[in-house]
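Here is how the chains run, residue by residue.
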Amino acid sequence: MGTSLTPEFWERFAVLLVLAVGLTGVLAAAFDGLTVRLLLRRSHMLLPEAPHRLDRKDHRTSVHC
């Protein structure tokens, strides 16, 4: 017992397919942006600032003989 696929079916199928592809693209872009934002925030939080050599108070000038 076979059924034939009507033009109405193909029209609905095409509309749903385009909507699914569009929604997937939008969600992928949103999650990519969120991931980049979180990675940048984490990298700024984890990296301590390096002390500047000229700002150290215990630095002595070198003596040449």
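Rules behind the numbers
- Residues numbered from 1 in each chain as written.
- Predicted model: local features only at pLDDT ≥ 70, side-chain atom pairs only at ≥ 80, totals over all residues.
- Heavy atoms only, no water.
- Helix = DSSP H or I, 4+ residues; strand = E, 2+ residues; numbered from the N terminus.
- Buried < 20%, exposed > 50% of the residue type's maximum accessible area, 1.4 Å probe, protein only.
- Phe/Tyr/Trp six-rings, centres within 6.5 Å; stacked < 30°, edge-to-face > 60°.
- Salt bridge = Lys/Arg side-chain N within 4 Å of Asp/Glu carboxyl O.

**A few points about the overall build of the protein**
1) Next: What the protein contains, in helices and strands, is one helix and zero strands.
2) Next: Out of the 65 residues belonging to the protein, those deemed buried represent 0%.

**A look at the packing of aromatic side chains**
1) Next: Per the stated rule, a full pass over the model turns up three aromatic pairs.
2) Next: Where W10 meets F13, the ring centres are 5.8 Å apart and the plane angle is 90°; that geometry is what we call edge-to-face. Here W10 and its partner F13 are both found in helix α1 (residues 7-46), three residues apart, which amounts to about one turn of the helix.
3) Next: The class of W10 is partly exposed, set by a relative accessible area of 45%.
4) Next: Connected via pairs of aromatic rings, a cluster forms that spans F9, W10 and F13.

**Concerning the pattern of salt bridges**
1) Next: Applying the stated criterion across every chain yields a total of one salt bridge.
2) Next: A salt bridge links E8 to R12, with the shortest nitrogen-to-oxygen separation between them at 3.1 Å. Here E8 and its partner R12 are both found in helix α1, four residues apart, which amounts to about one turn of the helix.
3) Next: Judged by its relative accessible area of 55%, R12 falls in the exposed class.

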